[in-house]
Amino acid sequence: MVASEAAPFAKAGGLGDAVSSLANSLSALGHDVRVLLPLYSIIPQDLRQSFQPLSGAFSIHLRREHWARLWEFISSDNLRYYFLEYDHFFFRDRLYDGPYGAFEDNPQRFAFLCRAAIDLPEFLQWTPDVYHVHDWMAALVPVYLETVARRGQLEHVGSVLTIHNLQHQGYAHRSIIDYAGLPWDLWRPDKLEACGCVNFLKGGIYFANKLTTVSPTYAEEIRTAALGCGLADVFSFRGGDLVGILNGIDDSLWNPATDQTLPANYDANDLNGKNRCKVDFCRQCFGDEKVNGPPLFVAVSRLYPQKGLDVLGDILSWVVETMDVRFAILGCGEWQLEEQLASIARRFPDRIWFYRGYDEILAHRMTAAADFFVMPSRFEPCGLTQLYSMRYGTLPIVRATGGLKDSVVSNAQGVEHATGFVFYDLTHQALYDAIGWACATYYDRPGDMLTMRQNGMRRDFSWKQSSQRYLDCYHWAMEKKAN
Ligand code: ADP
């Protein structure tokens, strides 16, 4: 696998969780999985201590040759991580952006990673069966495989490209073709070119043997003009090779029965520990210890338009003025939305709590403490937080899009299988009504609440089924390459 993030080493969102948990699950099934990542300086020191340097300088053949160092880490499941050390590109405080937006040299940084992935087998004297590459940052790998690396050691190696979020495609000035050492005949609208730029993801979509995205509904949505982000035609062209596979979750990290970050543990048969988590959290945020206090609604998210939390921000004061509820929100991202949420929280300190930042432990505690988890996304390729919340007996309130639609069973379909609340239009009124619906269920039908919590906690969100589907894709890619 080639990726720009993998938890716990470096993670900006769901991509990092998905890469490492899928790799872990395949490795546990006995497959020889190796993951190439950049050696970012932000990788925590305690993790870095267990990396081993590989001997010899590693040569990367872009247009000009570059020299880097490789480090290896082998997990308890025999999963091998290779870390590419090249400080000029990866010694930075953040993964993709600084205070003034995305790093200008992101195309060079990730072209470098992709070419390193192509040069790695020769360095290791080991040939993979298939490259599984993730998002635009790794999307040049299939392009190399079908062009400059078409003959030789990698001749029969297949490729699978997974799109975790189509919104980010990796646009670059055309000079990147020279930098990357790619041939200029790729500068065509049916290869790398898009709107006068190079589009990394588009190239990957054209050249990968098999394409996947992270939920069946998103696989349909990206073929439409509304959610295709300019590439709907390309997906229609490659439609026969595009599969939607829902992400799983890492049960060893997200399990309320064993989660060490919680003040109390619990499972579907005994939810007492969940009450303790709520009381403990509310004491810290709102300063009271009510055992049967008002319902707690939570959101943990990047704060960007995709997530729709601006719509929540618009109605929050209306909600807390008309319903007996509490909100706790953890997130960071767009300054304007951060400010909007911070100012409402200041107006209603006993009802709304907002923490601006990124905090993994808090994310676990809030997911456990909450009664409801709000995700009014404009689009959502898969979404992991609704899966985590169901696992923790917290009922998601989601808009019917992408993986949210595929993973949450609406209360409207009858309570016996329901795991949450689903609404359709992203309007103020529709979100207000969905919150009201959840609130009424909390106060009037505690039996339904318990049934839904237990339904969610007993669903299987592990990688078991999805990793099997990825294995099928790998076989298809290898067969395609063989023919
Ligand atoms: P996306 O990848 O679009 O951000 P996902 O729901 O797939 O959305 O995954 C988000 C991941 O990032 C989850 O693991 C979530 O807990 C985590 N996360 C998002 N924002 C924060 C935050 N502010 N603090 C801690 N974890 C966060």
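Fair warning: this is a prediction, and the values are worked out from it, not measured in the lab. (Residues numbered from 1 in each chain as written. Predicted model: local features only at pLDDT ≥ 70, side-chain atom pairs only at ≥ 80, totals over all residues. Heavy atoms only, no water.)

(A) Representation of the site of the ligand within the structure. Close contacts around the ligand come from 21 residues, with Gly14, Asp17, Arg302, Lys307 and Gly357 the closest. The backbone of Gly14 places a nitrogen or oxygen atom 2.6 Å from an oxygen atom of the ligand. One of the side-chain nitrogen or oxygen atoms of Lys307 is found 2.8 Å away from an oxygen atom of the ligand. Burial of the ligand by the surrounding chains reaches 93%, relative to a free accessible area of 560 Å². At the level of secondary structure, the elements contributing two or more residues to the shell around the ligand comprise α1 (14-28), β15 (296-303), β16 (326-333), α13 (360-369) and α14 (385-391). For the shell around the ligand, the element with the most residues is β15, which contributes three residues. Here the residues of the shell around the ligand are counted per class, giving six nonpolar, eight polar and seven charged. (Near = heavy atom within 4 Å. Polar contact = N/O pair within 3.5 Å; in protein donor to acceptor, adjacent residues only side chain to side chain. Areas by Shrake-Rupley, 256 points an atom, 1.4 Å probe, with all protein chains shown as cover. Helix = DSSP H or I, 4+ residues; strand = E, 2+ residues; numbered from the N terminus. Nonpolar A, V, L, I, M, F, W, Y, C, P; charged D, E, K, R; others polar.)

(B) A look at empty space enclosed by the protein. Counted by the stated rule, this structure contains two cavities of 30 Å³ or more. Within this model, the largest cavity holds a volume of roughly 40 Å³. Examining the composition of the lining of the largest cavity, we find that four residues originate from one element, helix α10 (residues 272-286), more than from any other. Of the residues in the lining of the largest cavity, the class split is three nonpolar, one polar and two charged. Approximately 30 Å³ is the volume attributed to the second largest cavity. Looking at the lining of the second largest cavity, its residues break down into two nonpolar, one polar and four charged. (1 Å grid on protein atoms, 1.4 Å probe; cavity = no way out; pocket = protein on both sides within 12 Å on 5 of 7 lines; lining within 4 Å. Points joined across faces, edges and corners; volume = space filled by probe spheres on them.)

(C) Inspection of the sheet that holds strand β20 (residues 421-423) at higher detail. Strand order in the open sheet formed by six strands is β17-β16-β15-β18-β19-β20, and the pairing between neighbours is parallel. If you trace the sheet from one side to the other, it starts and ends with β17 (352-356) and β20, each paired once. Averaged over all pairs of adjacent strands, the angle between strand axes in this sheet comes to 15°, irrespective of strand direction. Relative to strand β19 (residues 395-399), strand β18 (residues 372-375) runs parallel, the two sharing four bridges. (Pairing = 2+ DSSP bridges. Axes fitted to C-alpha atoms, helices over the stretch in contact; angles between N-to-C directions.)

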